[in-house]
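Analysis of the macromolecular model
Residue-level listing of the chains:
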Amino acid sequence: MAVSPTEKFREFLITRGQRLTPERRITVEEVFADHEHFDVETLAERLAAKSDGRRVSRSSVYRHVAAMEEAGLIRKIARQDDRDLYEHAYGYPHHDHLICRETGELIEFRSPELDKILERVAAEHGFRVEGHRLEVYGLSREARKPRRRRHSKLDRV
């Protein structure tokens, strides 16, 4: 990554006639502080709870996340508990996700074969791919493990 996410966001904002305010800087720095998936509500709660003078209002966080998505810094990857989940798009290789319906576990994977198939299909249709998002839903290994059945007292009689 030649340019930091903060600088990339600043460049994007300039194209829109906006500036990188302290609140926008704090938000982008918090998002890129680790590589975990996140939802906006949890991010807003983290930023609202800061006691170091780095607080950002909930409504600002929602606006900043939308702008970061538009800038290509982050992308929506799934919906969990009625909330959109996001991940870093800038500076990280593209990958897709397996999503467990029961546990909510997200398994990231990369598939050069899948990328080649998409390129071939797009070429056949004269289509220029700008990106894609693949979500495969099912049950993880953990969710498919047999559950231990607890016997009731009546079963023992």
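Worth saying up front: this structure is predicted, and the values here are computed from it rather than measured.

Every buried residue of helix α3 (residues 40-48) is accounted for by V40, E41, L43, A44 and L47. One side of α3 holds all its buried residues, which, seen down the axis, span an arc of 160°. For α3, the secondary structure elements touched by its buried residues are α2 (22-31), β1 (38-39), α4 (58-70) and β3 (83-88). Capping the start of α3, D39 holds a side-chain oxygen 3.1 Å from the backbone nitrogen of E41, two or three residues further along.

Counted by the stated rule, this structure contains 2 aromatic pairs. Pairing F9 with F12 gives two aromatic rings, centres 6.4 Å apart and planes at 5°, and the pair type is stacked. With F9 and F12 both in helix α1 (residues 5-15), this residue pair falls 3 residues apart, about one helical turn. The exposure class of F9 is buried, given its relative accessible area of 0%. Between F38 and Y86 the ring centres are 5.7 Å apart and the planes differ by 25°, which places this aromatic pair in the stacked class.

Now for the pairing of strand β5 (residues 106-109). Relative to β5, strand β4 (residues 96-100) runs antiparallel, the two sharing 4 bridges. Counterpart to H97 in the pairing with β5 is E108.

Turning our eyes to something else, we now look at the sheet that holds strand β6 (residues 135-138). Pairing in this open sheet of 3 strands is mixed, and the strands run β5-β4-β6 from one edge to the other. Both edges of this open sheet fall to β5 and β6, since each of them pairs with a single strand only. Sheet twist, expressed as the average angle between the axes of neighbouring strands with direction ignored, equals 20°.

Before going further, it helps to spend a moment on the environment of A33. Here A33 lies in the loop between α2 and β1. Residue A33 is classed as exposed on the basis of its relative accessible area, which comes to 59%. Distance from A33 to R120, taken between C-alpha atoms, is 37 Å for residues 87 residues apart in sequence.

Counting 23 residues, the largest nonpolar core has F9, V61, V65, M68, L73 and I74 as the members making the most contacts within it. Of all the elements in the fold, those that place two or more residues in this core are α1, α2, α3 and α4. Apart from residues no more than four positions distant in its own chain, L73 is found in contact with P5, K8, F9, V28, F32, M68, E87, H88, A89 and Y90.

Rules used in this analysis
Residues numbered from 1 in each chain as written. Predicted model: local features only at pLDDT ≥ 70, side-chain atom pairs only at ≥ 80, totals over all residues. Heavy atoms only, no water. Buried < 20%, exposed > 50% of the residue type's maximum accessible area, 1.4 Å probe, protein only. Helix = DSSP H or I, 4+ residues; strand = E, 2+ residues; numbered from the N terminus. Arc of directions from axis to C-beta. Contact = heavy atoms within 4.5 Å. Polar contact = N/O pair within 3.5 Å; in protein donor to acceptor, adjacent residues only side chain to side chain. Phe/Tyr/Trp six-rings, centres within 6.5 Å; stacked < 30°, edge-to-face > 60°. Pairing = 2+ DSSP bridges. Axes fitted to C-alpha atoms, helices over the stretch in contact; angles between N-to-C directions. Core = buried A, V, L, I, M, F, W, Y, C linked by side-chain atoms within 4.5 Å.

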